[in-house]
Every structure is written in structure tokens, then in C-alpha cells.
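In case you want the letters, here they are:
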Amino acid sequence: MDVKSVATVCIIHNQKINYRMSIINENFLKLQNNYLFSEINKRVNEYLKENPDAKLIRMGIGDVTQPISKAALKGMHDAVDRLSSADTMVGYGPEQGYADLRSAIAEYDFKARGVEISPDEVFISDGAKSDTANIVDLFSNEVKIAITDPVYPVYVDSNVISGRVGSYQEGKWSEIVYLPCNAENKFVPALPEKHVNLIYLCFPNNPTGAVLTKEQLKRWVDYALKEKAIILYDAAYVAFIREEGIPHSIFEIEGAKECAIEFRSYSKTAGFTGVRCGYTVVPKELKVKASSGEDVALHGMWKRRQTTKFNGASFISQQGALAIYTEEGRKEIRETVDYYLNNAKMISDVMSDLGFEVYGAQNSPYVWIKVPEGQTSWSFFDYLLREKNLITTPGVGFGPEGEGYIRFSSFGDAESVKAAMERLKQD
Ligand code: MLT
């Protein structure tokens, strides 16, 4: 039925206004302002309109700048060549991803770290942003959610859209259990004080850069097993871990396969922010009780969701991702991540020398910095934009606990990062 006929039907039934009100998902109207990075772009564009010659240095959104690994490029070139001939051409792929990529992931990302994941527990996607947002489809609206604060805004916004967060009061949603991460707890959240069903964890953390030790992560897995909760574990930044003993996957913790889903991304690992590829691991052991009392495996539900709503990541991006598991590919992506980590160290060193309180940067591309006394996240963001021509991300954009912080991304090229630091040294 098109809009015109909907309206006609409504007029016939004399319910025009009610009908119109009910045809949209009004939860969208609850979303706060713009999506964080769109709001930053808006402010930057306004500034650029007034100051078209400004030489801005971008340290805001975590978007990569260095060329994609040669191995991955070759994988993608070969894929394009295959598409050029009827003999080798491929059309729709499996919605869950190609078997060779799923096997390489099981082998190199998990088995190599002592974790047995079956290739068919791996679901290839176009990135962790979509998966962490789409996973909400599996859960009822009664579910109680715990979210670390500050946090990647997609977790909160996707739950706002699906209508399970209550009302917005003083910077917080009434139905979300916030788990504050601050300098006092070293940005490691405490367990929730009340029962929750779903817990979002992201480590290495975006935005603070904090990591969890095995013992700390085990506490979460034990809690989830005891409370029959599910942990949604975003490990998009795992390639940045350099410290020994830090778990790379939640499945390194015993029992996690019964209570966790893990999200991974090639965006920051292999420079695929534009190429788009990632994956989600849903273990077959992860089961929940339906209202009928039946045990339901989330693996089957996610598979059903993906086969219905998703037609698979592109063949080209999957072939690129597959190529990073070659010896050459693994070496190249590690070198690029090291390059960004050097940038992070440069930012961290200079900001510390300038007297700022600095966090993150060691196992993460993000540097989390306390703003000077008397400033807010947005006022310092504006100062850096207008006075230093630097684009950063205001901490409060990641949640109320982020107020008073600013996030620097280290994904620029080293020369720009150096230039940015020089600007900050000059007062
Ligand atoms: C960030 O800057 O937090 C991320 O790059 C955003 C994203 O991955 O979507």
C-alpha cells in the first residue's frame, strides 16, 4: 500500500492523525542529537566554512590513513580479476561468509591462542559496527542492559532505537545500568550491583584504551554464568594488544562459550574502514531459555537473522581479509598497527610532558586525556579546533562519565601527529 492509499484508508476510517502517529518507530525521536561523529563533522564543517584555509589535523574518528597491506591488496585484486571472467565469476556468497575465511579465522585468531572455535561459529559481516547494533534483534525488549560508561555510542543508540532504554534523564537512560569507568577504578568497570541480562564490554576499550587482565575478564565470565547473563564482547581493537598476558578473546576464559558473543573487525586491524569486513563469533554452546522452557541456541538465531537480513560481505573484501592470514599479510598488518601505536606513544609522551593526565595508548590506538581544570569535553574540543586546528573527540560524547576527557586517535600519518604535537607545545 503506498502512502497515498494509506492516507485514504485513514481518512475513510477517520483516524488520520492516529494512523500517521503510529507508522514510525518513535524511538528514533528519542535519540540524542546527532550520532557523535556526525555532530563532530557538522561542527568541523561549520568552522571550515568560516575558515576555509585552516590546516586541520584529524585526530577524531578512528579512521585509518596508512595503505592497506600488500597481501590484502593482492587478495582483492585477484578477486576483482576473478569477477572479470564467466568461468571464475562469483555471485551471491554464503550469508555467513566464505568457508576458507571462516577456517582461517578459527585457525589464526583462535586456535593459535589455544581457543577451539569451529569455523561455522564464525559469521563474516561488513564490520563490528553493524553486528554490535544488529545483535539487539535477538533479544526481547524486557532485557536489562548494562553498559560501560564511557562507551562506543552504537551500543546505546541501537538499544534506544529498539525501545528498551526508558527515558533520558540528566544524560542517562533510565533503564540502562551504567558501569562507570573512571580514573579511580583505572577504567575497569565493577560488576553490576543488580541483575542484568546483557552486558556490553569492549576491550581494548574504545574510548579509554584500557585493557582487562585474564583475572578481571574471568570475573565477568563468572558473573555472567552465575546470573545467566550474556556478554557482548567487542574486541575490535585486539590487534593493538602488546602487553603479555592480556586476553585477546573472551573465549580464552573458561566458560565464556556458554555466556558470550565476540565481535571482531578488520577496520583497525587491517585498515579496512573503507573496505568493510569483520566477523562475529556465536558459540553453539550459548543457549537461553525461551518462555516455553525450551533451550534456544543463539547461534541458530543469529544464523537465521543473517540469512534473512544480510546477503554477506562482499567477495572482494572477504578475499582481502583472507589474504591477511598469510605469513606476509600477518607481518604487514602488525607493522601498520605498530606504526599507529608509535603515534599513540608520541601523543601520550607529549601530552604527559605538557602536564596532562594521560591514559590508554599502550594497547590501544586511543589516547584518553583529562581536559584542563575549568574546561568541559566540548569546550576543550572547541579550543583545540579553533586555536590549534586539531580535530579530536569530546569524551562526553561516549557517555556522561566521559565528561572532562578528550580522546585523541592515533590513526593519522606520523608527520601529521608530530605537527599536531608541535602545535600543542606552542602556547
Ligand atoms: C571511533 O572512532 O570510535 C570508531 O572509529 C568509530 C567506529 O569504529 O565506528
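This text follows the structure it describes.
Now for a look at the structure at hand. In every chain, residue numbers begin from 1 and rise along the written sequence. Owing to the predicted nature of the model, reporting of local features is limited to residues with pLDDT of at least 70; listing and counting of side-chain atom pairs is limited to 80 or more, with chain, interface and lining totals taken over all residues. Based on all heavy atoms of the structure, the side-chain values leave hydrogens and waters out of the count.

1. Side note on the overall build of the protein chain
Quick note on the threshold: Going along the chain from the N terminus, every DSSP run of H or I of four or more residues is numbered as a helix, and every run of E of two or more is numbered as a strand. Our radius of gyration looks at C-alpha atoms and nothing else; its globule reference is 2.2 Å times the residue count to the power 0.38. Only protein chains enter the accessibility calculation, which uses a 1.4 Å probe. A residue is then buried if its area is under 20% of the maximum for its type, exposed if over 50%, and partly exposed in between. The criterion used for residue contact is that any of the two residues' heavy atoms lie within 4.5 Å. Each accessible area is a Shrake-Rupley result for a 1.4 Å probe, and residues are judged covered by the shown protein chains and nothing else.
Scanning the protein chain from terminus to terminus reveals 14 helices and 17 strands. For 427 residues, the compact-globule formula gives about 22 Å, and the C-alpha radius of gyration of the protein chain, at 23 Å, lands near that figure. Split into buried and exposed, the 427 residues of the protein chain put 49% on the buried side. Taking the contacts inside the protein chain whose residues are at least 6 apart along the sequence as the reference set, 72% of them involve residues at least 24 apart. Working note: accessible area of the protein chain is about 20,200 Å², and carbon and sulfur atoms make up 50% of it.

2. Describing helix α13 (residues 377-388)
For clarity, the threshold we go by: What a helix is expected to span follows from its residue count: subtract one and scale by 1.5 Å. Summarising the geometry, the arc corresponds to the directions from the helix axis toward the C-beta atoms.
The terminal C-alpha atoms of α13, which comprises 12 residues, lie 16 Å apart, in line with the 16 Å expected from a rise of 1.5 Å per residue. Buried within α13 are the following residues: Ser377, Phe380, Phe381, Leu384, Leu385 and Lys388. One side of α13 carries all its buried residues, which in axial view fall inside an arc of 135°. Elements in contact with the buried residues of α13: α3 (36-50), β15 (390-391), β16 (393-394), β17 (405-409) and α14 (414-425). Note on α13: the residue one or two positions beyond its end, Asn389, has a positive phi of about 55°.

3. Quick look at the pattern of salt bridges
Going by this rule: Salt bridges are counted wherever a side-chain nitrogen of Lys or Arg sits within 4 Å of a carboxyl oxygen of Asp or Glu.
Here the structure, examined in full by the defined rule, presents 19 salt bridges. Two residues, Glu262 and Arg264, come together in a salt bridge whose shortest N-O distance is 2.8 Å. For the pair formed by Glu262 and Arg264, the shared burial category is buried. By sharing partners, the salt bridges in this structure join Glu39, Lys42, Arg43 and Asp382 into a single network.

4. A look at unusual backbone geometry
Geometrically, the link from Asp149 to Pro150 is a cis peptide bond, its omega value of 5° lying close to zero. One can find Pro150 in the loop between β3 (145-149) and α7 (153-161). In this chain, Phe203 is followed by Pro204 through a cis amide linkage whose omega measures -10°. Along the chain, Pro204 turns up in the loop between β7 (198-202) and α8 (214-227). Here the phi dihedral of Glu170 falls at roughly 50°; this positive angle occurs in a residue that is not glycine. Assignment of secondary structure puts Glu170 in the loop between β4 (168-169) and β5 (172-173). Taking relative accessible area as the criterion, Glu170 reaches 81% and is therefore assigned exposed. Although it is not a glycine, Lys228 sits at a positive phi angle of roughly 55°.

5. Considering the site of the ligand
What counts here: For this purpose, a residue is taken to be near a molecule or strand whenever a single non-hydrogen atom of the residue falls within 4 Å of it. Identification of polar contacts relies on pairs of N or O atoms within 3.5 Å, with a donor-acceptor requirement for protein atoms, meaning one able to donate a hydrogen and the other able to accept it, and with residues adjacent in sequence counted only if both atoms are side-chain atoms.
Lining the immediate surroundings of the ligand are Phe37, Ile61, Gly62, Tyr152, Asn206, Tyr237, Lys268, Tyr366 and Arg407. Contact between the ligand and Gly62: an oxygen atom at 2.6 Å from a main-chain N or O atom of the residue. One of the side-chain nitrogen or oxygen atoms of Tyr152 is found 2.6 Å away from an oxygen atom of the ligand.

6. Considerations on the packing of aromatic side chains
For any pair of aromatic rings, the description rests on two quantities: the centre-to-centre distance and the angle between the ring planes. Where we set the bar: The pairing test for Phe, Tyr and Trp rings, Trp by its six-membered ring, is centres within 6.5 Å, and the orientation test on the planes gives stacked under 30 degrees, edge-to-face over 60, and tilted for anything in between. Only when the NZ of Lys or the CZ of Arg is both within 6 Å of the ring centre and within 35 degrees of the ring normal is a charge said to sit over the ring.
Counted according to the given criterion, the structure contains 26 aromatic pairs. Their ring planes at 50° and their centres at 6.0 Å tell us that Tyr266 and Phe272 sit as a pair that is tilted. By relative accessible area, which is 0% here, Phe272 ends up buried. A network of ring pairs unites the aromatic residues Tyr108, Phe110, Phe251, Tyr266, Phe272, Tyr279 and Tyr325 as a single cluster. A cation over a ring is seen here: Arg102 above Phe123, with NZ or CZ 5.7 Å from the ring centre.

7. Some words on the sheet that holds strand β14 (residues 366-370)
Threshold: Any two strands with at least two DSSP-identified bridges between them are counted as paired. Orientation is described by lines fitted to C-alpha atoms, with helices fitted over the stretch in contact, and by angles between N-to-C directions that extend from 0 to 180 degrees.
Pairing within the open sheet is antiparallel, and its four strands lie in the order β13-β14-β17-β16. Taken across any chain shown, the strands that pair with only one partner, and hence form the sheet edges, are β13 (358-360) and β16. Relative to β14, β13 is paired through three bridges, and the arrangement is antiparallel. If you follow Gly360 over to β14, its bridge partner there is Val367. On the sheet, α13 packs against β16 and β17 and is oriented at approximately 45° with respect to β17.

8. Notes on a nonpolar patch on the surface
So the rule is basically this: Patch construction takes residues with relative accessible area above 30% that form no salt bridge. Like charges are linked within 9 Å, and nonpolar side chains (Val, Leu, Ile, Met, Phe, Trp, Tyr) are linked within 5 Å.
On the surface, Ile23, Ile24, Phe28 and Leu29 cluster together into a nonpolar patch covering about 430 Å² of accessible area. If you trace the backbone, Ile23 turns up in the loop between α2 (16-22) and α3.

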